[in-house]
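# Descriptive structure summary
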Amino acid sequence: MADVLALVEARLRMALGEPDARAAVTFLGTDRIEVLRFTDVSAEGGAVVRYATLGMSAAPMGDPTATLADPVRGPRAELILSVRGGRADTDKALRPLAVLAASPQVEGVVVAPGASLDTGEPLWPGAPFTSVLVAEPGGLVEDLELDDPMDPVHFLPLLPMTPNEAAWKRVHGAGALEERWLARGTDLRDPLRASVALD
């Protein structure tokens, strides 16, 4: 487990630079989840802050209906949230992110692209978002290949959704929502953005 997490952290540092802060959260009956913060001041349109979980990939995500969890095989992932810096108190997103990263251990869910993850509260104080859409991996941080028979670690971007967007996505699907965001030029990193027009 420790070896996997060391490799994951090395991959995050290679892709995002040195973290400027980190916090750890432990939930009863689960392994520790860390959240690392990376600040990219060279990003177009102003600084972008990225929060990456570390700990979710220590064990593979298993089928919740399986009687015995496979300790080696199965999908592994970490979560990444990117927001524009200085516009909201987004550092308070650390705990909700850790809760989402712990959900495979706590609830037996398999987090995969296209899924909605509900935080049950605003992502940070005053945030218009209470859930996220899990996007496709491979863009910001490349998948981390592990020794056979372990599956690679995917780094899954999280796209904040307003309650209206989440409800619309449940009816029309993730692809349709992403197309709507693209068509309207939605800045998904803006922590203050309003819901995209859904009519």
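Residues numbered from 1 in each chain as written. Predicted model: local features only at pLDDT ≥ 70, side-chain atom pairs only at ≥ 80, totals over all residues. Heavy atoms only, no water.

### Considering the overall build of the chain
- Of regular secondary structure, the chain possesses 4 helices and 7 strands.
- Secondary structure of the chain in N-to-C order comes out as α-β-β-β-β-α-β-β-β-α-α.
- Taken over C-alpha atoms, the radius of gyration comes to 16 Å for the chain, in line with the 16 Å a tight globule of 199 residues would show.
- By its C-alpha atoms, the chain is 45 × 40 × 30 Å across when sized along the principal axes.
- Classification of the 199 residues of the chain by burial places 44% in the buried group.
- The contacts in the chain between residues at least 6 apart in sequence include a share of 57% that link residues at least 24 apart.
- When the accessible area of the chain is evaluated, it comes to approximately 9900 Å², of which 53% is carbon and sulfur surface.
- Taking the average location of the 18 positive side-chain charges in the chain and that of its 29 negative ones, the two points are 5 Å from each other. (Helix = DSSP H or I, 4+ residues; strand = E, 2+ residues; numbered from the N terminus. Rg over C-alpha atoms; globule rule 2.2 N^0.38 Å. Buried < 20%, exposed > 50% of the residue type's maximum accessible area, 1.4 Å probe, protein only. Contact = heavy atoms within 4.5 Å. Areas by Shrake-Rupley, 256 points an atom, 1.4 Å probe, with all protein chains shown as cover. Lys, Arg positive; Asp, Glu negative; His and termini not counted. Charge placed at Lys NZ, Arg CZ, Asp CG, Glu CD.)

### Side note on unusual backbone geometry
- Of note, the amide linkage connecting Asp148 to Pro149 takes the cis form, showing an omega dihedral of 5°.
- Within the element layout of this structure, Pro149 appears in the loop between strand E6 (131-134) and strand E7 (153-161).

### Section: the pattern of salt bridges
- A full pass over the atoms with the stated rule returns 12 salt bridges.
- Its salt-bridge partner being Glu9, residue Arg22 comes within 3.0 Å of it at the nearest N-O pair. Taken together, the residues Arg22 in strand E1 (residues 21-25) and Glu9 in helix H1 (residues 2-16) connect sequence positions 13 residues apart.
- Here Arg87 and Asp190 are joined by a salt bridge, their closest N and O atoms 3.7 Å apart. (Salt bridge = Lys/Arg side-chain N within 4 Å of Asp/Glu carboxyl O.)

### Observations regarding helix H2 (residues 94-107)
- With 14 residues, H2 extends 19 Å between its outermost C-alpha atoms, agreeing within 8% with the 20 Å of an ideal straight helix rising 1.5 Å per residue.
- Along H2, the largest kink reaches about 40° and is centred on Ala101; proline Pro104 follows within four residues of it.
- Listed in full, the buried residues belonging to H2 are Pro96, Leu97, Ala98, Leu100, Ala101, Ala102, Ser103 and Pro104.
- Immediately beyond the C-terminal end of H2, within one or two residues, lies Gly108, with a positive phi of roughly 70°. (Expected span 1.5 Å × (residues − 1). Bend = angle between axes of the 7 residues up to and from the residue.)

### Digging into the nonpolar core
- In terms of nonpolar packing, the biggest core is built from 28 residues, with Leu79, Leu81, Val111, Trp124 and Leu158 touching the most fellow members.
- Elements represented by at least two residues in this core include exactly strand E2 (33-40), strand E3 (48-54), strand E4 (76-84), H2, E6 and E7.
- Ranked by residue count, the leading element in this core is H2, at 5 residues.
- Beyond its immediate chain neighbours, meaning those up to four positions away, Leu79 contacts Tyr51, Ala52, Thr53, Met56, Leu97, Leu100, Ala101, Val111, Leu156 and Leu158.
- Counting 16 residues, the second-largest nonpolar core is a separate cluster that includes Leu12, Phe38, Leu54 and Ile80. (Core = buried A, V, L, I, M, F, W, Y, C linked by side-chain atoms within 4.5 Å.)

### What about the packing of aromatic side chains?
- Scanning the model with the defined rule gives 1 aromatic pair in all.
- Judged by centre distance (5.9 Å) and plane angle (65°), the rings of Trp124 and Phe129 are edge-to-face. (Phe/Tyr/Trp six-rings, centres within 6.5 Å; stacked < 30°, edge-to-face > 60°.)

### A look at the environment of Trp124
- With respect to the helices, strands and loops of the structure, Trp124 is situated in the loop between strand E5 (116-118) and E6.
- Judged by its relative accessible area of 2%, Trp124 is buried.
- Sequence separation between Trp124 and Gly55 is 69 residues, and the spatial gap between their C-alpha atoms is 21 Å.
- Among all residues touching Trp124, those that are not within four sequence positions of it are Leu81, Val83, Ala88, Asp89, Thr90, Lys92, Ala93, Phe129 and Pro191.

### Some points on the sheet that holds E1
- Reading across the sheet, the 7 strands line up as E1-E2-E3-E4-E7-E6-E5 and stay open at both edges, with mixed pairing between neighbours. This sheet does not close on itself; its edge strands, each paired only once, are E1 and E5. Pairs of neighbouring strands in the sheet enclose a mean axial angle of 30°, with direction left out of account.
- Pairing analysis gives 7 bridges linking E2 to E3, with the strands arranged antiparallel. Bridge pairing in E3 places Phe38 opposite Arg50.
- Contacting E5, E6 and E7, helix H3 (residues 163-172) crosses the sheet at an angle of about 115° to E7.
- The strands touched by helix H4 (residues 174-183) within the sheet are E6 and E7, with E7 carrying the most contacts at an inclination of about 65°. (Pairing = 2+ DSSP bridges. Axes fitted to C-alpha atoms, helices over the stretch in contact; angles between N-to-C directions.)

### Considerations on the side chain of Ser131
- Within the fold, Ser131 resides in strand E6.
- In contact with Ser131, other than residues within four places in its own chain, are Leu117, Asp118, Thr119, Leu159, Pro160, Met161 and Ala166.

The values reported here are purely geometric and, on their own, carry no functional implication.
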